[in-house]
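So the chains spell out like this:
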Amino acid sequence: MNDDLIEWYGSGEKSAIGAPMRVNQRKAMSRDAEKILAAQRAVEFVRDGQLVGLGTGSTAAHAIRILGKRVEAGLSIQGVPTSNATEQLAREVGIELVSLNQVDEIDITIDGADEVDPQFNMIKGGGGALTREKLVAVASKKRVIAVDQSKLVDRLGARFPIPVEVLPFGFRVVARALDSLGCHPKIREINGTPFVTDNMNWIVDCASGPVDDPLLLEQEIKQISGVVECGLFARLADVLVIACRDDVTVLERGASRNSVAVWNQLSGARGGKSV
Ligand code: 5RP
């Protein structure tokens, strides 16, 4: 990360949109800078006294570090982490933590995503934390998803496989059932051995191609015995914070703004095709 962005982290409470950001005016932002910008804007939704779901992945990590700065400056929150990595980072930056089983409801969750469609459906689980991420999302009153513009797709599955967490016992039975749904399953591996989740399970990445009905496919995958959780998150985003170069677009579910038009505008900005 360059010095200007380190300076930006240091800006704590400053608005990503309102603050004078020399670096953003001088040059096009890298994808990581877009993630920081989206995280900074997403964190603005957090209010004093709230219980905050803390997502997993690089964008969520940016949000956690920014929240840590706000805590240092006096913000009082408690966090519910979605992974061991997030738990460790949140502790490092001074966020007080509680477990999901200690609470009834979470006020707001900040997380990232691997793909998002204009209907606010998502693919998540690139970091392997999909099961805890989904539980925290389901328990949350407001789900704020921060993404860089590369995550926008017209249909889920176009680029990113759907991660599915499975019990290692009998994973081949699960893989065959996934295959029969038209998903082409591949065990996620690191250095030739299966990737193990925080829940001690495995991840099967399913190349599905573009998904017509994310809610239906999510339900079908979840019905397979041995599936712990599916990385399709149908209707589990309330607010999308999308960073494209040095701009941030905020979309709220149910608001009048036409998300397809925003998708087209942002894919135009990055030279992609329209929805
Ligand atoms: C982790 C996730 C992440 O939110 C997703 O992979 C996006 O990650 P990043 O912000 O690093 O692009 O679902 O399980």
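First, a word on scope: everything that follows refers to the structure included in this document. (Residues numbered from 1 in each chain as written. Predicted model: local features only at pLDDT ≥ 70, side-chain atom pairs only at ≥ 80, totals over all residues.)

Next up on the list: the site of the ligand. Around the ligand, the surrounding shell holds 19 residues, and the nearest of these are Gly 57, Thr 59, Gly 112, Gly 126 and Gly 127. Top element by residues in the shell around the ligand is helix H4 (residues 58-72). It accounts for three residues. For the shell around the ligand, the residue count by class is four nonpolar, 10 polar and five charged. (Near = placed C-beta within 6 Å. Helix = DSSP H or I, 4+ residues; strand = E, 2+ residues; numbered from the N terminus. Nonpolar A, V, L, I, M, F, W, Y, C, P; charged D, E, K, R; others polar.)

Let's shift gears to the sheet that holds strand S13 (residues 227-230). In space, the four strands of this open sheet follow the order S9-S12-S8-S13, with antiparallel pairing throughout. The open sheet terminates on both sides in strands that have one partner only, identified here as strand S9 (184-187) and S13. Along the sheet, successive strands turn relative to each other by an average axial angle of 30 degrees, direction set aside. Helix H6 (residues 130-138) rests against strand S8 (162-166) and S13 of the sheet, and its axis sits at about 65 degrees to S13. Packed on one face of the sheet, helix H8 (residues 214-222) meets S8 and S13 and runs near 165 degrees to S13. (Pairing = 2+ DSSP bridges. Axes fitted to C-alpha atoms, helices over the stretch in contact; angles between N-to-C directions. Contact = placed C-beta atoms within 7 Å.)

On to the sheet that holds strand S14 (residues 232-233), then. On the basis of which strands lie adjacent, the open sheet formed by three strands has the order S5-S6-S14 and antiparallel pairing. Both edges of this open sheet fall to strand S5 (115-116) and S14, since each of them pairs with a single strand only. In this structure, strand S6 (residues 122-123) lies alongside S14, joined through two bridges in antiparallel fashion. In the strand pairing of S14, Ile 123 is matched with Leu 232.

Moving on to the pairing of strand S1 (residues 51-54). Residues Leu 51 and Gly 53 of S1 are buried on one face, and the alternating residues Val 52 and Leu 54, pointing to the opposite face, are buried as well. Across four bridges, the pairing between S1 and strand S2 (residues 78-81) is parallel. If you follow Leu 51 over to S2, its bridge partner there is Gln 78. With H4 bridging S1 and the parallel S2, this β-α-β connection has right-handed handedness. (Buried ≥ 20, exposed ≤ 12 C-beta atoms within 10 Å, placed from the backbone. Right-handed = clockwise from strand over helix to strand, strands pointing away.)

Let us now look at the packing of H4 against helix H5 (residues 84-92). Where H4 contacts H5, the two axes come as close as 9 Å, and the packing angle between them is 20 degrees. Taken together, H4 and H5 sit at an angle that is classed as roughly parallel. Judged by the twist between their axes, the crossing of H4 over H5 is right-handed. On the side of H4, the interface is formed by Ala 60, Ala 61 and Ile 64, while H5 contributes Thr 86, Leu 89 and Ala 90. The residue makeup of the contact of H4 with H5, split by class, is five nonpolar, one polar and no charged. (Parallel < 35°, antiparallel > 145°, perpendicular 65-115°, else oblique. Left-handed = near helix turned anticlockwise from the far one by under 90°.)

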